[in-house]
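Here are the chains, one letter per residue:
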Amino acid sequence: GQRYGRVVARGRSAGGLSVGGAVCARPDLFAGVALDVPFLDPLGTLQDSTLPLTVNEWEEFGDPHDAAARAAIAAYAPLQRAAGVESFPPCLLRPALRDARTGWWESFKFAAAVRDATGDAATVVVHADDRGHFGPAAGRARAYDAALPVAFLLAC
């Protein structure tokens, strides 16, 4: 069929929050999505002040301990919005198991929420690997890290 008029999107870290929120709001506009070390559960993560960066991020994202801020965060948080989607484009989630900035579990929680909402287990692929937030430093591993989401999106 015709593939024109729909876009693919890629988000990384807090960019995953933006792209994840956009695709949950309008999944029909996207042919595919790739999210690298995505921040998908701000409502949950920002409540834990023991995590690195959390307290500093309250100014940017909102402090979920405040009722008004909590409501605002829930309105844009991909994990909470995923429960309301009926369909979802092909999605590659790439958490890093040694990431101190975004929790790898957020990708798994998001994948489960999308699968539960759509009933389609094949829609979301989680590819976790043993790297940090910024990925491999050089060489073949760096090239593979850069190529994988691009190849996924080209196939969408």
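We now turn to the structure provided with this report. Because the structure is a prediction, the values reported are computed rather than measured. (Residues numbered from 1 in each chain as written. Predicted model: local features only at pLDDT ≥ 70, side-chain atom pairs only at ≥ 80, totals over all residues. Heavy atoms only, no water.)

1. Details of the pairing of strand β3 (residues 91-94)
- Burial along β3 is two-sided: Cys-91 and Leu-93 and Leu-92 and Arg-94, pointing in opposite directions, are all buried.
- With three bridges joining them, β3 and strand β4 (residues 124-126) adopt parallel strand pairing. Bridged to Cys-91 within β4 is Val-124.
- As a crossover connection, the stretch from β3 through helix α6 (residues 104-118) into β4 is right-handed. (Buried < 20%, exposed > 50% of the residue type's maximum accessible area, 1.4 Å probe, protein only. Helix = DSSP H or I, 4+ residues; strand = E, 2+ residues; numbered from the N terminus. Pairing = 2+ DSSP bridges. Right-handed = clockwise from strand over helix to strand, strands pointing away.)

2. Comments concerning the packing of aromatic side chains
- Going through the model one piece at a time under the given rule, you end up with four aromatic pairs.
- An angle of 65° between the planes, with centres 5.3 Å apart, marks the rings of Phe-39 and Phe-61 as edge-to-face. Placement of the pair is Phe-39 in the loop between β2 (30-36) and α2 (42-45) and Phe-61 in helix α3 (residues 54-61), with a sequence separation of 22 residues. Phe-61 matches Phe-39 in its accessibility class, with the two residues each being buried.
- Ring plane angle 80° and centroid distance 5.7 Å describe the contact between Trp-104 and Trp-105, whose orientation is recorded as edge-to-face. (Phe/Tyr/Trp six-rings, centres within 6.5 Å; stacked < 30°, edge-to-face > 60°.)

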